[in-house]
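Fold and contact review
The primary structure of each chain is shown beneath.
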Amino acid sequence: MRKPVLQFQDVSFSYDGKKTILDGFHLNVYDREFITIIGASGSGKSTLFRLITGLEKEEHGAIWLNGEQVKNRHGRTGYMPQQDLLMPWRTVLENAAVPLELAGVGKKEAASRILPLLNEFGLNGSEHKYPSELSGGMRQRVSFLRSVLTGSNILLLDEPFSALDAITRLSMQEWLLDQWEKREKTILFITHDVNEALFLSDRILVFQETPVQTLQEVIVPLDRPRSLRDLNDPAVVRLKDGLIDQLRSGGNKI
Amino acid sequence: MKKYGPAILIVVFLFGVWELASRTVNLPFIFPPPSGVAIRFWELRETLLFDHLPPTLAIILIGLAISIVLGVALAVWMAVSETAERAFYPLVISSQMIPTIALAPIFIMFFGYGIWSKVVVTVLITFFPITVNTFDGLKSSSKELRELMLTMGGTKKDIFLKVQVPSAKPHFYSGLKVAVTLSVIGAAIGEWLGAQAGLGYFSRRMMTQFDGAAVFAPIVLLSAVGIVLFLLVKVLEKRSMKWRNKE
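Residues numbered from 1 in each chain as written. Chains lettered and ligands numbered in written order. Predicted model: local features only at pLDDT ≥ 70, side-chain atom pairs only at ≥ 80, totals over all residues.

Labelled according to an unreviewed UniProt entry, chain B appears under the name ABC transporter permease, originating from Domibacillus iocasae. Listed under Subcellular location (unreviewed entry) in UniProt, the entry text for chain B is "Cell membrane". (UniProt positions renumbered as here; feature names shortened; annotations may be inferred.)

An unreviewed UniProt entry lists chain A under the name ABC transporter ATP-binding protein, from Domibacillus iocasae.

1. Re the domain arrangement of chain A
All names here are of chain A. Partitioning chain A into domains gives domain 1 (1-77 + 153-254) and domain 2 (84-151). Look at where the C-alpha atoms of domain 1 and domain 2 centre, and you get two points 25 Å apart. Listed by partner, the interface residues are eight residues for domain 1 and six residues for domain 2. Counted by class, the side of domain 1 that touches domain 2 contains six nonpolar, one polar and one charged residues. (Domains from an automatic or database assignment. Contact = placed C-beta atoms within 7 Å. Nonpolar A, V, L, I, M, F, W, Y, C, P; charged D, E, K, R; others polar.)

2. What to know about the confidence of the model for chain B
With 99% of its residues at a pLDDT of 70 or more, chain B shows a mean pLDDT of 92. Taken over the whole predicted complex, pTM reads 0.88, whereas the ipTM for its chain interfaces reads 0.91. (pLDDT = per-residue confidence, 0-100.)

3. Focus: helix 4 (residues 107-120) of chain A
All names here are of chain A. Its 14 residues give helix 4 an end-to-end C-alpha distance of 21 Å, which sits within 8% of 20 Å, the value for a rise of 1.5 Å per residue. The largest bend in helix 4 comes to about 25°, at Ile114, with the proline Pro116 one to four residues further on. Once helix 4 finishes, Gly122 follows within two positions and takes phi at roughly 65°, a positive value. (Helix = DSSP H or I, 4+ residues; strand = E, 2+ residues; numbered from the N terminus. Expected span 1.5 Å × (residues − 1). Bend = angle between axes of the 7 residues up to and from the residue.)

4. Section: the UniProt feature "transmembrane region" (unreviewed entry) in chain B
All names here are of chain B. Summarizing the sequence annotation, UniProt attributes the feature "transmembrane region" (unreviewed entry) to residues 57-80, 87-113, 119-138, 172-193 and 213-236 in the numbering used throughout. The span residues 119-138 carries 100% helix and 0% strand; its end-to-end C-alpha distance comes to 27 Å. When the span residues 172-193 is considered, its composition is 100% helix and 0% strand, and the gap between its end C-alpha atoms is 31 Å.

Okay, here's the thing in structure tokens:
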């Protein structure tokens, strides 16, 4: 078994002591896993990320990162938000350099680390462009590059492709899997698209109704590397239908 | 230039109407035609440009400089400290209910006929747009971006310098543009009340002599000063925010 890089032990959390999201929650994520988290909107998926990044504090229990219990988790994970959140006043190069700047890396040193990566991220020749000059897919790649440059082994991606058109989305998914393998990261990926979850992940965690104690876990029965056609496999199709039914009945949505 | 065609046409038309009306009324000492103002301007060019423009320009520039320094400092303080915000923000807003211009005579009493009474009037009316715009700009930065900086280990200072200050820049420049136009008004009004030189002073003195064209001539120059300063701010704005030109 691989070593766990992220653990929730008996974690409870609520907003203002009223809306309880997690109640005695347990979770283990292992090194270099690709995990997707699905659930209806408002089911607490993003709260999980807010806890991991340290934007929220657990009321009870402990969260472990890379084998140590960390109280202040700021700067310990690479978070990629739903909107790309690039700074419009910074060029691609300057945007990617933000986490390095925060870590005290000099400008020249930062540039020399970023420039070789641009090719791989499909951003060659765009280093001096501003975000407004880029396509949606390119902006997401800059945002992903920025989260990779935090240097963290744990990447948290919050519906990163939800604003992209179907074709761009597909190529971004394939590209992400490529990067994940090459960079040896552990990825937690929030989505509400069951197909995306099945295509990308080792395990799918399903958020149903709050408060959450344990998440229902689905192991994706597919080998890697995968192609989109694998999703037509009868076992996968059944799994997909099951998941969709579950998401529909989960909570009191529609 | 084509873009401004309609505006230029309207101006030409208005001047035409003015010229015609003035010639019909034929009271040049109180209602001079534009051509009369232009001729008088030419006759007075040396007095206006070398005796009266420099003191007015000095008031405008010193007043603006003080306003920028104080306004930005207060805006930063209010953005950083919630206590300062609660203490000063309501005061800054309600200070605008005071007719500042009406207070100008008091400042003439306090500071005399020298440059400083006029500078104070200018500062008082230009301070507000700079402070409030800069403050709103500092506060306008996106919450998500600030949180992202936190997740990357950014400190309060990092967030201020790398997120809040750049977000405030466009707001600061809009405030400055308003302030620049107001500064010209402030300087001129200050001079009406008490001065020994200056375009506002000169204009008012000519009024007592019933020289209508000479009342207008310094106003033409004042407007030109306002326009030049405004364009200067626009150039600065474009230079310091290159990314905006690409949008």
